[in-house]
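The primary structure of each chain is shown beneath.
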Amino acid sequence: MHAPAEPRRPGRRARTRTDAEVLGRVGRAGPVALFVVAFLVFFGTAALWALSTPIGASPDEPSHIIKAASTVRGQLIGAPGARPQDKIVQVPETVAGSANTICMSHASEVTADCLLPFGSDTKLVAATTTAGLYNPVYYVLVGWPSLLELGKGQMFLMRLASAAACAFFLAAAVTALARLPRPVLPVLAVFAVSTPMTYFLMGSVNPNALEIATTASFASSLLVVTSTAPGPRASWWLAASLAASGGLLVHTRGLSPLWLGVAVLVVAIGVGVPRFVSRVVRPPVLLSVLVVTASTVPAVLWTLRSGSLDAVGVYGGAGTTPADGFVHVLETTTDYSAQAIGNFGWLDTPAPGYVVFLYSVLLGLVVAAALFLRDSVRRRVAVGTAALAVLVLPAAVQASSVAESGYIWQGRYTMPAVVVLVVVAAWAVGDALPVRRRAEDVRRFATCVLVVTGVAQLACLLTSLRRYSAGLSAPWPHVFSEPAWHPPLLGTVGWAVLLLACVAVATVAARWLVLAAGADSPRGDGSVSDTTDADGPSRSKSRSTVTVAEAPVPAGAAAAPGPVAADRP
């Protein structure tokens, strides 16, 4: 006799379904729709930071604002100042007034009401910037609003221009990864690795943010174009994404070519050097390689001729031996990791401890899972190489200059390498998961990750609001009842409600995007996976075109582990 069937729970189907069945119900979305939604999510979240943070209240932002305003006025470097890194330029008085934030920098209990008036937006005055020697490309992209007569609105618009550029490349990364045969984990990884610190930098005038975003886009496009066989149309737009992100990445900061090299090395190891080479010499990709190479040459020449890596100033620890500096940075890796997750203002407003814990666990689990894969030695080596780069390169770079400059490294500088590590690890883990899993689990997992990151983002936004309106240690009721400062247009209560609503909408939109990307994979333009493991042909290759109709799951059956596959999310 058969056991009596369990009664149906209201609103749920009786049998276990595959990923494709459930995710297909989300609604298919083409690459344009995915890109637009991703852009709005990234830009909207960064805009919250841009509008709720006082002007100049992020690391070195006054110098970057002054550099951007002077660059679009033809002053690429400026006149020599008191120190090697100081350059004197002519900018609007409003822009020069961004340096008034000295009253609250490094002082987490001083509220933003100490800021002085910004002055005239038409009167040019002399101002000093420590970013004068930096590559001007980023500053041209974000400096144009300073030509408009908008008062301090110039600088808010500069922030939004920077946020839009960063969101563009993060959206390009998501759109590229959505073309993988199993894209759910890699696409989720882009949202997860976009830490609150990343969004904070995106919402300020700082080239570090664009460096992170272009690294994500470059690494993602390179991974997809070398690990799959996209159709002709997809090959060309992936190559365009590769050229644009790589060509711009090398101009963002002096060390950016290093991160581009890390991305190339890790992806080449992960997909296999012979296959990597065979793919990059094909016409669309080869053209993008030539563009990136041609862009890298002037970027490196600018850094070498300007001496921007040497003229950084003198800080605590100057005179330390390179060996001691190397060891010190290694020993404080956890401190730098916490900074990369969130330390706002002028590094005077750390993210709540539970946010650091959640992100550390979330990203650490992905990397750990990839390192213990049994099916591909090559992918384990690729993830291990990326992890080694995250751990060792900051220590090596700091050791090279610690005797002259002291300790200048910050956690945010490592984020490009962290992005490469997490995206490649998510790709490796995603391909190793069983083909047939409980589809409901896929949805729940995506929802869980995005809710956790959304809550963390909201907590950090509110922490920043608290710090500038009442002081970091002020009781929460004082933030809303007795604020000394509040962001534009709305009071602190209004902003808290707005932040909650916008983060909730962004989380829902991101969830739709992740599941829609999975439902629409593999693409119908010829994109297939042909990855072969180092230990022999991948077991996934023969299953790369399996559909639900070919491999149904019996009603009421539990999800059974299938062969390692690269065909479904």
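For the structure, check the block above.
What comes next is a walk through the structure. Remember, predicted model here, so these are calculated numbers, not experimental data. (Residues numbered from 1 in each chain as written. Predicted model: local features only at pLDDT ≥ 70, side-chain atom pairs only at ≥ 80, totals over all residues. Heavy atoms only, no water.)

## Regarding the pattern of salt bridges
Turning to step 1, where the next piece is worked out: Enumeration according to the criterion identifies four salt bridges in this entry.
Turning to step 2, where the next piece is worked out: Residues Arg159 and Glu61 are paired through a salt bridge, measuring 2.8 Å at the closest nitrogen-oxygen approach. One end of the pair, Arg159, is in helix H6 (residues 153–177); the other, Glu61, is in helix H3 (residues 61–71), and 98 residues separate them in sequence. The exposure classification of Arg159 matches that of Glu61, with both residues buried.
Turning to step 3, where the next piece is worked out: A salt bridge links Glu211 to Arg253, with the shortest nitrogen-to-oxygen separation between them at 3.3 Å. In this pair, Glu211 sits in helix H9 (residues 207–227) while Arg253 sits in the loop between helix H10 (232–252) and helix H11 (256–271), placing the two residues 42 residues apart along the sequence.
Turning to step 4, where the next piece is worked out: When its relative accessible area of 0% is taken as the criterion, Glu211 is described as buried. (Salt bridge = Lys/Arg side-chain N within 4 Å of Asp/Glu carboxyl O. Helix = DSSP H or I, 4+ residues; strand = E, 2+ residues; numbered from the N terminus. Buried < 20%, exposed > 50% of the residue type's maximum accessible area, 1.4 Å probe, protein only.)

## Topic: the nonpolar core
Turning to step 1, where the next piece is worked out: Residues Phe42, Phe191 and Met202 are the most contacted members of the largest nonpolar core, which totals 139 residues.
Turning to step 2, where the next piece is worked out: The greatest single-element share of this core, amounting to 14 residues, is contributed by helix H18 (residues 415–432).
Turning to step 3, where the next piece is worked out: The contacts of Met202, once residues within four sequence positions are left out, are Phe42, Ala46, Arg159, Ser162, Ala163, Cys166, Ala167, Leu170 and Ala209.
Turning to step 4, where the next piece is worked out: In terms of nonpolar packing, the next biggest core, distinct from the first, is built from six residues, Ala57, Ala112, Leu115 and Trp485 among them. (Core = buried A, V, L, I, M, F, W, Y, C linked by side-chain atoms within 4.5 Å. Contact = heavy atoms within 4.5 Å.)

## Regarding the packing of H10 against H11
Turning to step 1, where the next piece is worked out: Interaxial distance between H10 and H11 falls to 6 Å at its minimum, and their mutual angle equals 140 degrees. Relative to H11, H10 is oriented oblique. Within the contact between the two elements, H10 uses Gly246, Leu249, Val250 and Thr252 and H11 uses Ser256, Pro257 and Leu260. (Axes fitted to C-alpha atoms, helices over the stretch in contact; angles between N-to-C directions. Parallel < 35°, antiparallel > 145°, perpendicular 65-115°, else oblique.)

## Considerations on the environment of Leu201
Turning to step 1, where the next piece is worked out: Residue position: Leu201 is located in helix H8 (residues 196–202).
Turning to step 2, where the next piece is worked out: You can call Leu201 buried: its relative accessible area is 0%.
Turning to step 3, where the next piece is worked out: Taking C-alpha positions, Leu201 is 9.7 Å from Cys166, a pair spaced 35 residues apart along the chain.

## Notes on the sheet that holds strand E2 (residues 87–92)
Turning to step 1, where the next piece is worked out: Spatially, three strands are ordered E1-E2-E3 in an open sheet, and the strand pairing comes out antiparallel. Two strands in the sheet have a free side with no partner beyond their single neighbour: strand E1 (79–80) and strand E3 (124–129). (Pairing = 2+ DSSP bridges.)

## Things to note about the environment of Val390
Turning to step 1, where the next piece is worked out: Residue placement: Val390 occurs in helix H17 (residues 377–405).
Turning to step 2, where the next piece is worked out: Taking the C-alpha atoms as reference points, Val390 and Ser337, 53 residues apart in sequence, are found 9.9 Å from one another.

None of the figures reported here should be taken as evidence of function without further support.
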